[in-house]
Amino acid sequence: MPITINNQEDIKKMRIAGKLASEVLDFITPLIKPNITTEKIDSLCHDFMTNEQGTVPAPLNYAPPGHTPFPKSICTSVNNQICHGIPGEKILKKGDVVNIDITVIKDGYHGDTSRMFFVGEPSIQAKRLCEVTYQSMWLGIREVKAGAYLGDIGHAIQSYAESKSYSVVREFCGHGIGKVFHDEPQVLHYGTPGDGLKLEAGMIFTIEPMINAGKKDIKVLPDNWTVVTKDRSLSAQWEHTILVTDKGYEVLTVSKDTPTPFLD
Ligand code: MF3
Ligand code: CO
Ligand code: CO
């Protein structure tokens, strides 16, 4: 299957979906505090999406082949959880770090973004892991340009994360996105410059590196969704939805409170 090249109409709609996804994170930011449960975060986000935004939470009942339907509207992945954490009775406590991953559908188009949040003051180790993961996402984004290769992105992410003695999760990757939630291409967060698909203006995909403080190996919990580090080390992830342009890239998942890149 060829990779979708989005036209101006598609791009307009993807800008709207991307901004809305980011605005859910802006909305929830002040509420991430000790004693909130992850299911409370889910229900607040769910209500905001459905009642305030008129968006559809894409994760709710999402069921790719071989999976049971995802039971909630967002993913909340705490500490050693890498991704796809199911919101539940877990009470967040001081020192936890949590990834909140939002995917909305608006007018048939998906916007997908996630950020890390500190619950109270983080440990030095947790703060460093989140910062390195954020920087690695941005180093990947910075490679995006018509004529560049997917391998350039993966290599930028992997070489930076590994230079800090962290490891890159291999089993999950960024993905094409648009009318389809998880489309081609697969955007690996490791690789070799010049390898893989050549980028063209109009392609849209996510970059969403999962970086572990310990080893790269994963385990899936019996709930069939929550992915954790096998060695129980901390894990972090950030995600943006990116449009390829002739000159470079446009980040589609931006809103008022999107953290700014901190490069160099
Ligand atoms: N938002 C996730 C991603 O970045 C996917 C979540 S699928 C779910 O691709 F079913 F777990 F919600
Ligand atoms: Co994604
Ligand atoms: Co996501």
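Residues numbered from 1 in each chain as written. Chains lettered and ligands numbered in written order. Predicted model: local features only at pLDDT ≥ 70, side-chain atom pairs only at ≥ 80, totals over all residues. Heavy atoms only, no water.

Would you mind showing me how to read the pattern of salt bridges here?
Any two side chains of opposite charge can pair, on the condition that their charged atoms come close. Inspection of every chain in the model, using the stated rule, returns 7 salt bridges. The closest approach of N and O atoms between aspartate 96 and lysine 93, which form a salt bridge, is 2.9 Å. Overall, the relative accessible area of 4% leaves aspartate 96 in the buried class. We note a salt bridge from glutamate 131 to lysine 127, for which the minimum N-O separation is 3.3 Å. In this pair, glutamate 131 and lysine 127 both sit in helix α3 (residues 124-141), 4 residues apart, roughly one turn of the helix. Judged by relative accessible area, glutamate 131 falls into the partly exposed class, the value being 35%. (Salt bridge = Lys/Arg side-chain N within 4 Å of Asp/Glu carboxyl O. Buried < 20%, exposed > 50% of the residue type's maximum accessible area, 1.4 Å probe, protein only. Helix = DSSP H or I, 4+ residues; strand = E, 2+ residues; numbered from the N terminus.)

What exactly am I supposed to notice about the coordination of the cobalt ion (ligand 2) here?
Octahedral metal centres with six donors ideally show angles of 90 or 180 degrees, and tetrahedral centres with four donors ideally show 109.5 degrees. For the cobalt ion (ligand 2), the full set of protein donor atoms is Asp112 (OD), His175 (NE2), Glu208 (OE) and Glu239 (OE), and the range of their distances to it is 2.0 to 2.2 Å. The coordination sphere of the cobalt ion (ligand 2) comprises 6 donor atoms, whose angles at the metal cover 51 to 162 degrees; the geometry is irregular. Between the cobalt ion (ligand 2) and the cobalt ion (ligand 3) the interatomic distance amounts to 3.4 Å, and aspartate 112 serves as a bridging ligand to the pair. Here the residue histidine 175 occupies a position in strand β7 (residues 174-176), and glutamate 239 occupies one in the loop between β13 (235-237) and β14 (240-244), the gap between them amounting to 64 residues. Summarising the burial analysis for this pair, histidine 175 and glutamate 239 share the class buried. (Donors = N, O, S within 2.8 Å, 3.2 Å for Na, K, Ca; no water. Tetrahedral: all angles 85-135°; square planar, octahedral: opposite > 155°, others 65-115°.)

What is the right way to read the coordination of the cobalt ion (ligand 3) from this model?
Taken together, Asp101 (OD), Asp101 (OD), Asp112 (OD) and Glu239 (OE) make up the protein donors of the cobalt ion (ligand 3), found 2.0 to 2.4 Å from the metal. One can describe the site at the cobalt ion (ligand 3) as irregular: its 6 donor atoms subtend angles covering 59 to 166 degrees at the metal. Judged by its relative accessible area of 11%, aspartate 101 falls in the buried class.

Can you walk me through the environment of cysteine 75 in this structure?
The topology assignment puts cysteine 75 in strand β2 (residues 75-78). Between the C-alpha atoms of cysteine 75 and aspartate 42, which are 33 residues apart in sequence, the distance is 8.0 Å. Excluding anything up to four places from it in sequence, cysteine 75 contacts Phe70, His84, Gly85, Asn99, Ile100 and Asp101. (Contact = heavy atoms within 4.5 Å.)

For this particular structure, what's the right way to read the site of ligand 1?
Close to ligand 1 lie 14 residues; Pro59, His175, His182, Glu208 and Glu239 are nearest. Contact distances for ligand 1 include 2.9 Å between an oxygen atom and a side-chain N or O atom of glutamate 239. Relative to its unbound accessible area of 340 Å², ligand 1 is 98% covered by the protein chains. When each cavity is represented as a set of grid points, ligand 1 is found to reside in the largest pocket. Its residues placed into classes, the shell around ligand 1 shows 6 nonpolar, 4 polar and 4 charged. (Near = heavy atom within 4 Å. Polar contact = N/O pair within 3.5 Å; in protein donor to acceptor, adjacent residues only side chain to side chain. Areas by Shrake-Rupley, 256 points an atom, 1.4 Å probe, with all protein chains shown as cover. 1 Å grid on protein atoms, 1.4 Å probe; cavity = no way out; pocket = protein on both sides within 12 Å on 5 of 7 lines; lining within 4 Å. Sits in = over half its atoms within 2 Å of the grid points. Nonpolar A, V, L, I, M, F, W, Y, C, P; charged D, E, K, R; others polar.)

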